[in-house]
Amino acid sequence: MYLGIDLGTSGVKLLLVGEDQRPIAQTSTPLEVQRPRPLWSEQDPESWWQATCAAIQQLRRSHPRELATLKGIGLSGQMHGATLLDDRDRVLRPAILWNDGRSAEACAELERRVPAITAITGNAVMPGFTAPKLVWLAKHEPETFASVTRVLLPKDYLRLRLSGDHASEMSDAAGTLWLDVSGRTWSEELLEATGLSTRAMPRLYEGSQATGRLRANLAEEWGMPSSVAIAGGAGDNAAGAVGVGVVEPGQALLSLGTSGVYFTASDAFAPNPASGVHAFCHCLPERWHQMSVILSAASCVGWVARVSGAADERSLLAEIEESGDGGTDAPLFLPYLSGERTPHNDPHAQGVFFGLTHDTDRADLGRAVLEGVAFAFADGQDALLEAGPAIESVVVIGGGARSRYWGRILASALERPLAYTAGGEVGPAFGAARLARLAASGEPVERVCTAAPIDDVIEPDPELALRCRERRQRYRGLYEALRERFPRPG
């Protein structure tokens, strides 16, 4: 029996998986994001731990026998968050999250300090990454910075609480801007540029390696064996890829979560920083991956449902589908509610509705949101293809994968088939459980990380694809026209 723990932005999800790789049970506990100032996005790491404990207690009540035979725990989580600890492993301040945009000025300073930073990391310097957050901290909260002894990524803070180990793995570490991504090791030059050293960094493992064992007191409290291995795990997207078997070149996934990720697996390091493509290590040995990232995806649907007065997201989606596809002159939406990464690398970009009339209704707004996110993914696909690796197949995961109507829009905007799998919305937690199995059993990767069974394949609609192509040109022109008009705080 294996447990996957996925620390997301909106909640912690746990998935219990049997020896036959079938899910046995799942639980979740919600989390809240604090936004105390414009562009800021923070969470209290203690809330991550309390949510994890609550979810495990739910599992203990419902599946005590299964937990008593647990062999491994795998961790997946939101990437880039700066969890700052003192010399006694106490949290110094709320964690600064992946979608926090305060560090734009710090990015320019970091590039000035290390002109070769993109050559070392293979990635453009963006506010969401971890290193610029520490440059910001040194300038704006110097007393806190002076107390920083260790910096951990969100899922690795859970690891510390679970096993007492300061450890991370390659896929998550690659998103810090402190890793030599090609060499799969910390870069002393990049750490020194942010006032840190390798002493502040956790030990690095592959995601399929064991980093430690569950604390004895927790094993006793939760009814688990004392021999439970804690796997290195993965950043949420790499874990999602492992969960659906996207581990070989040419395989790709589209993740429709709070953010949106287009992920392609590779056996080589293939960066394209000029277009905002992330080139990271995969969570498996001798593998890498590329990602285009949009900061607001399914979260845009929740937002428009709330502000338009819809009962919930599901009812809004049904209303949109019933109203038809709309015309070429229907409203457009820029989905940049938290700024944007690929391809713009623009933390100041904002969400925009364009083309409203007296006839515009809620379904029109909702459809514009679905299309806007699809167009952002299409921009990302262009950037990925510029990096070189071919895309042969695409699997869809994440909460937004439940809407096949949205899938039809996405397939038409991307002009390629999209495959849907059973349980795709729990991909990262399932991938974490697979990594737990690899860490505990030492089995070959190809035996465990098999492709997920396909439930459905959505083909592009030729007529809708033509309409999307025309509207996407207007969508891209709208951003270019507004780019210099978005406000820049400070």
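Attention in this report is confined to the structure presented alongside it. (Residues numbered from 1 in each chain as written. Predicted model: local features only at pLDDT ≥ 70, side-chain atom pairs only at ≥ 80, totals over all residues. Heavy atoms only, no water.)

### Some points on the packing of helix α12 (residues 298–307) against helix α14 (residues 362–387)
When two helices pack together, you describe them by how their axes are tilted relative to each other and by the distance separating the axes.
Inference 1: Packing of α12 against α14 leaves a shortest axis separation of 10 Å and a crossing angle of 165°. Judged by the inter-axis angle, α12 sits roughly antiparallel to α14. Helix-helix and strand crossings are classified by hand; for α12 and α14 the assignment is right-handed. Contact with α12, carried on its side by Cys 300, Val 301 and Val 304, involves Leu 365, Gly 366, Val 369, Leu 370 and Val 373 of α14 and no other residues of that element.
Inference 2: Taken together, the residues that form the contact of α12 with α14 break down as seven nonpolar, one polar and no charged. (Axes fitted to C-alpha atoms, helices over the stretch in contact; angles between N-to-C directions. Helix = DSSP H or I, 4+ residues; strand = E, 2+ residues; numbered from the N terminus. Parallel < 35°, antiparallel > 145°, perpendicular 65-115°, else oblique. Left-handed = near helix turned anticlockwise from the far one by under 90°. Contact = heavy atoms within 4.5 Å. Nonpolar A, V, L, I, M, F, W, Y, C, P; charged D, E, K, R; others polar.)

### A word on helix α7 (residues 154–163)
Inference 1: When you tally the buried positions in α7, you get nine out of ten residues, the bulk of the element.
Inference 2: Every buried residue of α7 is listed here: Pro 154, Lys 155, Asp 156, Tyr 157, Leu 158, Arg 159, Leu 160, Leu 162 and Ser 163. (Buried < 20%, exposed > 50% of the residue type's maximum accessible area, 1.4 Å probe, protein only.)

### Regarding the sheet that holds strand β16 (residues 251–256)
Inference 1: Here seven strands make up an open sheet; going across it, the order is β18-β19-β17-β16-β22-β23-β24 and the pairing mixed. The two strands at the open ends of the sheet, each matched to only one other strand, are β18 (278–281) and β24 (454–458). In this sheet, adjacent strand axes meet at a mean angle of 30° when their direction is disregarded.
Inference 2: Along the sheet face, α14 touches β16, β17 (260–266) and β19 (288–294) and points at about 145° away from the line of β19. (Pairing = 2+ DSSP bridges.)

### Comments concerning the packing of aromatic side chains
Inference 1: Applying the stated criterion to the full structure yields ten aromatic pairs.
Inference 2: Through a chain of ring-to-ring contacts, three or more aromatic side chains come together here, namely Trp 303, Phe 333 and Phe 353.
Inference 3: For Arg 102, the ring lying beneath its charged end belongs to Trp 40, and the centroid distance is 3.6 Å.
Inference 4: One residue, Arg 184, lies across the ring of Trp 288, its end atom 4.9 Å from the ring centre. (Phe/Tyr/Trp six-rings, centres within 6.5 Å; stacked < 30°, edge-to-face > 60°. Lys NZ or Arg CZ within 6 Å of the ring centre and 35° of its normal.)

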